[in-house]
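Per-entry structural report
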Amino acid sequence: MRPAAIALALLLGSVVLHVAAGYPTGLTLRELIDGTGLQSLLFWSSELPRVAMALLVGAGLGLAGSTMQEITRNPLASPSTLGTIVGAWLALMVATVFWPEFAGRYGVWICLFGGLSVTAVVLTVSGLSRMDGIVVIVVGMATNLFLGGVVLVLALLNGETVQAVFVWVAGDLTQTGWADAQWLAPQIAVGAALILALARPLTILRLGQDAARARGLAVLPLVIVLLSLSVWLTAASIAVVGAIGFIGLIAPNAVRLLGVRSVVPGLLLGALLGAASLTLTDAIPVALTDWSRTLIPSGSAAALIGAPVLVLVAMKQMRPDASSGFQMVWGLEKLPPFAQPALSIAAIAATALAIGFGASPDGAVWIGDQAERLRPMLISLRWPSVIAAAGAGAALATVGVILQRLLRNPLASPDVLGVTAGATFTAVAGVVFLGLPAAETAIPSAAFGAFAVLILLSLLWRRSETPPAMLILAGIALAALLDALIQFAMARAGSEANELLVWRTGATSLATPTGAVTLFVTAAVILALALSFRRWLTLLTFGEGMASARGLGVIRARRTLLVLVAAGAGSVVAWVGPISFIGLLAPHAATMLGARQVGQQLVVATALGTILLVAAEVTGRFVAYPNQLPTGAVASLIGGAYLFGLLLLSLFRRKSI
């Protein structure tokens, strides 16, 4: 069967499935034809416009992704992986907060500006000559994480103002008429026509940038125009239905699987398969409408399918040398003699000061300046959250060191590899689906999820030569998949949903005295065990062959260390919620300070993790006073900026990971 026939059959089948999923119960054929009755009205004014929007948005995103992959010659390029969608999201969020009337009137242009700006930054940082490698994808995904943290903080600081934007972010194709479809259709048609008009120079660009220039092609202007058109298709689509990712990744890779290599057929089939993909994935939330208690975002359904596609494409189609381009480890060669005790004392002092200082309308207030009768109450209110932050920071830093040593990967950490997301999903699913009491079952549930993700990653990446950048990309994609599953679980949640939402931001302020002490003790035990296993970690750093030759039981050591990681990451998630980046930032900062030996790195990283998360907890008191900004949100902002800065520096140094 020809590729076009297959694509049309898939499109028709997806439409039929969507209509079947959304067909109102009890609606007879006569009522449908006559257009009488409430059920008939719902079908004609809600279900069919929703199908039309799925087709239009899917076609726009599919064509945008196909064009981006033609430009970059990169099978992983898409509006999701190049930062286009998060750029549009951030720009709309900022405009909504500071210029709400302007945002309401010019939303599409704001999305276009944000998407173009961030995409340009990602491509510039990566370098136009390396657009075909995995470097540009890692930079794009790191940008997504960083800007996502910025958006989260903005949202928490302006909750009521940006509530509508948060609904938009989840991606929702629900329609109440044909107005949006009538507006979007000409936007997609014009953008598609202009891209197809540039098919010939796009074909010449396939020869490579140097060969294209030799034939008189102005490469840079062509790339700018085509990227602008791709971002226009993306901005117009998501401005009306929200941030729906991964369709631009699925469609062009499906075209490639059909054996289509020509430019024009590839672009047209990319649009068709994009329309079919989104229509099919949107049928899932439509079919689950009666089952769920609240709206299931269409964007989550797309991520549910798109994230595994990202992993599979990365494994099968990227070249072995595709990750060449940057190095993340540099800094002092030797740890200064005073650094280890100084940082340990600083961690203890930071914890004590955090309990003593509080926020007020006039700024920081020391506990000694408060009325004597208030002091016991203030201390009793502050110490659980501070001790929980200290314990979480220490635990995440310790397991980060273990993971980076175990996997010999400077990018490995519980959150980047999806371990934190796995722990979060099983904890949420246990409460929502099984009705388990959170207080009693959160720790084993979260530990089980963390351990399951670690086992999965170990099975996927058994080869020691696997590029580190590929591992982080797989972890990010796995985290996106698990986040989509969490969204589904949250849609099913009832009265417990609000509490789970706060917990998901990493709120140490929710920690009880018992939880704070338990988490702190757990972190101390894990650190002590990790120090006792430092010979294992040292040998494993040099490879399994070296470790076996020195008499180490590699499998037993690896399993033991993975249990420690699962226990540490799961405990943090269970008691204070998911917290990102500390497990990456603290070990790497320790290495930069010269802590190259395992024992040194464990102690220094633990001290840094404690200081960082306690500082994030204190910062959260002042930024949103009189409210408390979640510690996890502040940590995401700091850690995201750190990761993005590291990538920038590493790319400028032009070394390899």
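This section reports on the structure supplied with the text. (Residues numbered from 1 in each chain as written. Predicted model: local features only at pLDDT ≥ 70, side-chain atom pairs only at ≥ 80, totals over all residues. Heavy atoms only, no water.)

With respect to the overall build of the protein chain
Put simply, the rule is: The helix count covers DSSP runs of H or I at least four residues long, the strand count covers runs of E at least two residues long, and both are numbered beginning at the N terminus. Remark: exposure states derive from per-residue accessible area (1.4 Å probe, protein chains only) relative to the maximum for the residue type, with buried under 20%, exposed over 50%, and partly exposed in between. When checking whether two residues touch, look at their non-hydrogen atoms; a contact exists if any pair is within 4.5 Å. Note that accessible areas follow from Shrake-Rupley with a 1.4 Å probe, and for residues the cover is restricted to the protein chains shown.
Helix and strand content of the protein chain: 28 helices and 2 strands. Put simply, the protein chain has 657 residues, and 56% of those count as buried. If you take every contact in the protein chain between residues at least 6 apart in sequence, the share linking residues at least 24 apart comes to 81%. When the accessible surface of the protein chain is summed, it comes to about 27000 Å², and 67% of that surface belongs to carbon and sulfur atoms.

Some remarks on the pairing of strand S2 (residues 363-366)
When a strand is regular, its side chains alternate between the sheet's two faces. Short version of the rule: Two strands pair under a simple rule: DSSP has to find at least two bridges between them.
With 4 bridges connecting them, strand S1 (residues 357-360) and S2 associate as antiparallel partners. Within S2, the residue paired with glycine 358 across the bridge is valine 365. Taking the residues that link successive antiparallel strands as the turn, the S1-S2 hairpin has 2 residues.

Quick word on the side chain of glutamine 187
Our working definition: Two N or O atoms form a polar contact when they lie within 3.5 Å of each other; inside protein one atom must be a possible hydrogen donor and the other a possible acceptor, and for residues adjacent in sequence the pair counts only when both atoms belong to side chains.
Tracing the sequence through the fold places glutamine 187 in helix H9 (residues 179-197). Judged by its relative accessible area of 18%, glutamine 187 falls in the buried class. Here the side chain of glutamine 187 touches tryptophan 183 through a polar contact of 3.5 Å, landing on its backbone oxygen. The contacts of glutamine 187, once residues within four sequence positions are left out, are Trp232, Leu233 and Ala236.

Concerning the packing of helix H13 (residues 247-257) against helix H14 (residues 263-287)
We count it as follows: Axes here refer to lines fitted to C-alpha atoms; in helices the fit is confined to the stretch in contact. Angles between the N-to-C directions go from 0 to 180 degrees. Small angles under 35 degrees read as roughly parallel and large ones over 145 as roughly antiparallel, with 65 to 115 read as roughly perpendicular and the rest as oblique. It is the rotation of the near helix from the far one that decides the hand of a crossing: anticlockwise by less than a right angle makes it left-handed, clockwise makes it right-handed. Under the convention adopted here, Pro, Cys and the residues Ala, Val, Leu, Ile, Met, Phe, Trp and Tyr are nonpolar, Asp, Glu, Lys and Arg are charged, and Gly plus all remaining residues are polar.
Closest axis-to-axis distance for the H13/H14 pair is 8 Å, and the angle between their directions is 125 degrees. Judged by the angle between their axes, H13 and H14 are oblique. Classified by chirality, the crossing of H14 by H13 is right-handed. Counting all contacts with H13, which are made through Ile247, Ile250, Ala251, Ala254 and Val255, the residues of H14 involved are Gly266, Leu269, Gly270, Leu273, Gly274, Ser277, Leu278 and Thr281. Taken together, the residues of the contact of H13 with H14 break down into 8 nonpolar, 5 polar and no charged.

Brief notes about the packing of aromatic side chains
The test is simple: We call Phe, Tyr and Trp rings a pair once their centres come within 6.5 Å, taking the six-membered ring for Trp, and we label the pair stacked below 30 degrees between planes, edge-to-face above 60, and tilted otherwise.
Applying the stated criterion across every chain, the model contains 7 aromatic pairs. Both rings, one in tyrosine 23 and one in phenylalanine 43, keep their centres 5.5 Å apart while their planes meet at 65 degrees; by these two values the pair is edge-to-face. In this pair, tyrosine 23 is assigned in the loop between helix H1 (3-22) and helix H2 (29-34) and phenylalanine 43 in helix H3 (residues 38-72), connecting sequence segments 20 residues apart. Looking at tyrosine 23, the relative accessible area reads 30%, which means it is partly exposed. Aromatic side chains tryptophan 109 and tryptophan 232 sit 5.5 Å apart centroid to centroid with 40 degrees between the ring planes, which places their arrangement in the tilted category. Placement of the pair is tryptophan 109 in helix H6 (residues 107-126) and tryptophan 232 in helix H12 (residues 219-241), with a sequence separation of 123 residues. Ring pairing ties together the aromatic residues Tyr23, Phe43 and Trp44, which thus form one cluster.

Some remarks on H9
The criterion, for reference: Here a helix's expected span is defined as the number of its residues, less one, multiplied by 1.5 Å. Picture the helix axis, draw a direction to every C-beta atom, and the arc is the one those directions span.
Across its 19 residues, H9 extends 28 Å between first and last C-alpha, which sits within 8% of the 27 Å expected from 1.5 Å per residue. What H9 keeps buried is the set Ala181, Leu184, Gln187, Ile188, Gly191, Ala192 and Ile195. Within H9, the buried residues cover an arc of 135 degrees as seen down the axis, which keeps them to one side. Relative to its buried face, H9 has exposed residues pointing more than 90 degrees away, namely Ala179, Gln182 and Ala197. Considering only its buried residues, H9 is in contact with H3, helix H10 (199-205), H12 and H14.

A look at a nonpolar patch on the surface
Our working definition: Here, patches come from residues exposed beyond 30% relative accessible area and free of salt bridges, joined within 9 Å for like charges and within 5 Å for nonpolar side chains (Val, Leu, Ile, Met, Phe, Trp, Tyr). We define a salt bridge as a side-chain nitrogen of Lys or Arg found within 4 Å of a carboxyl oxygen belonging to Asp or Glu.
Together, Phe98, Trp99, Phe102, Tyr106 and Trp109 give the surface a local cluster of nonpolar side chains, amounting to about 620 Å² of exposed area. By secondary structure assignment, the location of tryptophan 99 is in the loop between helix H4 (84-98) and helix H5 (100-105). Take tryptophan 99: its relative accessible area is 52%, and that puts it in the exposed class.

Thoughts on the nonpolar core
For clarity, the cut-off: Joining through side-chain atoms within 4.5 Å is the link that ties buried Ala, Val, Leu, Ile, Met, Phe, Trp, Tyr and Cys residues into a set, and such a set is a nonpolar core.
Among the nonpolar cores identified, the biggest contains 143 residues, and Val57, Leu173, Ile244 and Leu561 are the most heavily contacted of them. The element contributing the most residues to this core is H12, with 13 residues. Grouped together as the second largest cluster of nonpolar side chains are 29 residues, Val153, Ala395, Val614 and Val618 included.

Here we look at the pattern of salt bridges
If you walk through the whole model with that rule in mind, you get 5 salt bridges. The salt bridge partner of arginine 206 is glutamate 70, with a shortest N-O separation of 2.7 Å. With arginine 206 in the loop between H10 and helix H11 (209-214) and glutamate 70 in helix H3, this pair connects stretches of sequence that are 136 residues apart. What makes glutamate 70 buried here is its relative accessible area of 10%. For the salt bridge of arginine 621 with glutamate 617, the shortest nitrogen-to-oxygen distance reads 3.1 Å. Residue arginine 621 and its partner glutamate 617 are both found in helix H27 (residues 598-623); the two are separated by 4 residues, about one turn of the helix. Per residue, the accessibility class of arginine 621 equals that of glutamate 617, and both read buried. Within the structure, one salt-bridge network assembled from shared partners comprises Glu70, Arg73 and Arg206.

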